[in-house]
Each structure stands twice: as C-alpha cells, then as structure tokens.
Amino acid sequence: MRILLIASAFNSLTQRVHAELRARGHVVGVELALGDDVVRDGVARFEPELIVAPMLTRAIPEDIWSEHTVLIVHPGPKGDRGPSSLDWAIHEGAQRWGVTVLQAVAEMDAGPIWASVPFTVEPCGKSELYRNEVAAAAVEAVLLAVERFAGGQFEPEPLDYEKPDVQGQLRPYHTQEYRRIDWRADDTATVLRKLRSADSQPGVLDEIDGREYFLHGAHVEDELRGEPGELIARRTGAVCRATTDGAVWLTQLRARRRPGGPATYKLPAVTVLGELAEALPEVPVKPFAASGRDTWSELRYREEGEVGYLEFSYPSGAMSTEQCRRLLTAYRAAAERPTSVLVLGPVRDFFSNGIHLNVIEAAEDQAAESWENINAMDDLVEAILTTTNKLTVSTLTGNAAAGGLMLAIAADEVWCRDAAVLNPHYRLMGLYGSEYWTYTLPRRVGADQAERLTTEALPVGAVEGLALGLVDRVRGGTAAEFQGWVRRAAAELAASPDLADKLLEKKRWRDADEDVKPLAQYRAEELARMRRNFYEPDEPYHRLRREFVHKVCPTATPEHIRGEGRLVGAEK
C-alpha cells in the first residue's frame, strides 16, 4: 500500500513508523507539515492510498482529510484531547496512559477511533517516555489501524464519552503556570513530576541567582541535603538543588532569551551557570561505586559473575569531549577487571548519537572543539576495537545514530531491542564521519551496503539491521524485559565452552586485519576528511550544525525522505 506520512518533524517516532511500514512491504513517503500548500503538493505528488500523521502540531487541511483517510496518532487514551497529553499524564502521576489512532475531522482529536493501545507510565522524563513506551504503543496502534484499513471491513469507533472505556477528557495547554516549582513547599516527588512533564520541551521556567532559566533533565538524589531551593553540589556537568525533603539533579539548563538577545539552547547546567556552578563542591560518584545509589551518575559499572556491565546515559545521546574521555577512563578500568564478557550501553533510551553539537556550538572555537570531540570519540572506539582479553557486547535498548552507532558496532557483538531506530550515516550534518566507520561498517554489512546506508541516509529498523548484519541479535519487549534477556544471554556467553576459542579467534583476525591495513591508517584517512569538514570555509557542517542546535525549521521536505511519487515514475 502507498502510505504518506505527514509530520511536523522527522523525529524518532516518525522514523520508527517509517521503518516499520517499509519493513512490511509498504511504499512509504514523508511530507513535512510546513504549510497547507506544501502538504497539498506532497499529497498530489505521492498519490497515497492512506495518510498517517505520527507527530503533528498543526491541523491537516480540510480538503485533504475530506478526500483521503488521514489517521492521526494522539499520545493519549480514548477521549483524551489537547496538545499537552503527556505533560498532564506525568504531571498528575498517571500510572497508565495510552496512544490512540483516530481519523482526522474538523474538530481536533475528536475523530473516529481506529486503534487504541495502553502503556505503563514509567518514572522518567517526557521525552524518554515518548521514545520508549509511547513509541511502542504508537507503532502497535498504527500497524493495527493500517491492517484494519487495508482489510476494508473495519468500522472506526465514533468518540462517545458515554462508553466506559472512554475516560479521557479535553485538557488545556500545559503552560508554565502549571509547571512552576515552589521550592519551599513542593516535595521531591512533586518537583520531579513538574520537571519530567516538561522534558525536553519546553522545560520549567525558574529563577537561579536572579536570572531566569528553563530547567531540564531531573534525577533524584539520595544523600545530599540543603536549604530548599539552594544549589548544593555539582557533578559531571549537572547541578544538585535541594527540595523540602531531599534534592534533585538538573543535568541541563537553557537561559531565557532576553528581548533582542541571541537565541539560547540547552547546555550542561554547569556550563550555563558558569562561576556560580564552579563555586559549588564537586561531588563525584565513581562508576565502580555508583550501582545501588539512587542518584544521578552518567556512568555506572557492576559485575555479575564473569560479566561486567558498563552503563552510560547522556541527555539526547550526545557525548561531549569530556564525556567521551570519562567513558574511556571507565572503559579501560572495566577492561582490566577479571571478567570474560563486557557489556556496554544504557539500561534505557539512547545508546549514543555521537558528538555533542550543542556543546560545540557554545565553544569559542567551534572547529577546534569539533576536532577535540571527534578525536575523543575515536580514542574510545579504538580502545574497544583493540580489546582482545574479553568479548565486548553493545546493547542498544534505544536509538543510535551517526558516530554513536559506529561506537556500538565497534564491539564484537551488537544486541538490539526491536524498538530501536538506527541511523548509520553522517551526511545530513555535512560530515564524512570517523569512529573507524570505514573499517567496521563494511566489515559488518559489506562495502556496497555501507555505501548505500551512508548515502541514502534513511533510518533502519532493528529487524532490517539484523538482516543486513548491522546487529547480531534482536529481542522484543519493554526496556526492562530486554535488559533481563541481556543478563541471561551475557551469562550464557560467558559460560560458553568455546569462549576461549572465540577470544583466540578474535585476536587472530584483529592481527590479520592490522597487517592488511592498520587501524591508524583508517583513522588518519577519516580525520583528513573531517578536518576539511571542520576547517574549510565552503563546507556546510557549521551551517547545518547551527540550524540543528537552534531548531531552524526547514523550508522544504528533504528529498531523501519524500519517497517516489507516482507523478515521477513510481510504479502504479
């Protein structure tokens, strides 16, 4: 079936729906909702049999939904309406929520219901919930709705608030009035709900030392205490702020834009606060002592028998120069431990998205910081590639892209949750790429597929990644269920009778590959291209990075995601 996705952005959910529908044999195109005429032109060009809107912040024109079936994905249960569904769910402490696929009509979110799937609201930020539980429910609901539409017999259910399973309601926009924190009255649980309901957008507007900031990235602290509202500590870029009965960590801040001033964007909290944060006591948590603590730590290490687990977690999956260096230090220490298998990756959400574009944008010398960041990533990948005393496993519970995905495939094995979306390319940021991708990617998928993946620049679903050889194992389930499977599979791998033979074979092929072409040569060739990307004035990287960081709206749908329309030669 020819399915057109109309979306306000080609975000993680839109990418996953795109990958899932393509995997089922549908011809899929994308048109960004950049204006009614743009959408009309996209529909006329593609001639869809069905239109699906996975993520939309504006209404579909009436002439489109009256002529085509348009299915809207709404992140709320039956009857829920309004633009702030998830914000309200988290703010009010809902334990169960849902995703509903409904047909577009004149009244927003009030159309006939094609599918509705419930999910558990995990205690995390809105964006993390959206990429995990919401996305899983949304994909299930979309696939069910598409199947029902294709069957031609299903009658969508009219919205009827008299029905017992229709429990949602029309809710207002979740303004800062509802989000405001009273640090001298709100307990930790309340503060966390308010902060998490605003993550990653729009953040909670608050005041620190007489200036206004939007607060992002909230995590509980189990030991530190202070006067409510007081900043009491810092750690790896985050600051800790006391509540009435505890404290919370804030990983990122965004200064409120002053009238006529430059645009602002999210950065590590310590960077934004400058001297105010630097004056706070540094309270580090060592990765090898972090497990068991209920506190913010970007790195944690634990062991279960012969298996070591090095867990990391970075906001938006971006890794700055300093974060790469800290992870490298932890990795080297973990590699020296008396284990036979080392598992790498977070327990939830992003694996990694590569270098930290926001931190680079804020640097005085952006080209120099880009260079430092990519070299720090390369150092980390090199350490993984040259580890021969144990088997390494990357676990992709969530999405990975660009250098972050190349970091993952540096491991001996890559285990992937079926919900993960993979983006094995750099070109949309105007970069050639490094992280030894010219060695690892062709080795996994072959030279032809590596060329296709890096130039086509389309998202790859986990199942497709398995078929290509990009990943080695795929398992379904929630993030917690996937992690349970990882523990069992890693223990089996460590107990395997042929483990010693695998390690010996690993060392042999690493030595053989080194004789054919040293890793240093791959790195030098990649970095020569990257240096031009960073330092040559006619390269597009700095413009593309700036537009990404400042969320500049595109003026047209990128050609690589539009798909072929019938009017340009696609088969009828």
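What counts and how
- Residues numbered from 1 in each chain as written.
- Predicted model: local features only at pLDDT ≥ 70, side-chain atom pairs only at ≥ 80, totals over all residues.
- Heavy atoms only, no water.
- Pairing = 2+ DSSP bridges.
- Helix = DSSP H or I, 4+ residues; strand = E, 2+ residues; numbered from the N terminus.
- Axes fitted to C-alpha atoms, helices over the stretch in contact; angles between N-to-C directions.
- pLDDT = per-residue confidence, 0-100.
- Contact = heavy atoms within 4.5 Å.
- Phe/Tyr/Trp six-rings, centres within 6.5 Å; stacked < 30°, edge-to-face > 60°.
- Buried < 20%, exposed > 50% of the residue type's maximum accessible area, 1.4 Å probe, protein only.
- Lys NZ or Arg CZ within 6 Å of the ring centre and 35° of its normal.
- Expected span 1.5 Å × (residues − 1).
- Arc of directions from axis to C-beta.

**A word on the sheet that holds strand S18 (residues 391-396)**
Strand order in the open sheet formed by six strands is S13-S14-S16-S18-S20-S23, and the pairing between neighbours is mixed. The sheet terminates laterally at strand S13 (299-304) and strand S23 (473-475), the two strands that pair on one side only. For this sheet, the mean inter-axis angle between neighbouring strands, taken without regard to orientation, is 20 degrees. Where S18 and strand S20 (residues 413-417) come together, four bridges link them in parallel fashion. Looking at the pairing, Leu396 lines up with Cys416 of S20.

**Observations regarding the confidence of the model for the protein chain**
Summarising the model, the protein chain shows a mean pLDDT of 95, and 99% of its residues fall at 70 or more. A low-confidence stretch, residues 567-572 stays under pLDDT 50, and its non-local contacts, those more than four residues away or across chains, total 11 contacts.

**Looking at the packing of aromatic side chains**
Under the criterion given, the structure shown has 12 aromatic pairs. Seen in terms of ring centroids, Phe534 and Tyr541 are 5.2 Å apart; in terms of plane orientation they differ by 55 degrees. Their pairing is tilted. The class of Phe534 is buried, set by a relative accessible area of 2%. For Tyr541, a relative accessible area of 0% puts it in the buried group. An aromatic cluster is built from Trp114, Phe149 and Phe154, whose rings are joined through pairwise contacts. In this structure, Arg529 packs its charged tip against the face of Tyr432, placed 4.0 Å from the ring centre.

**Description of helix H20 (residues 519-535)**
Taking 1.5 Å per residue as the helical rise, H20 with its 17 residues ought to reach 24 Å, and the 24 Å between its terminal C-alpha atoms agrees with that figure. Residues of H20 that are buried: Leu519, Tyr522, Arg523, Glu526, Leu527, Met530, Asn533 and Phe534. Taken around the axis of H20, the buried residues stretch over an arc of 115 degrees, which confines them to a single face. Buried positions along H20 lie against helix H13 (366-385), helix H15 (437-445), helix H19 (499-516) and helix H21 (541-549).

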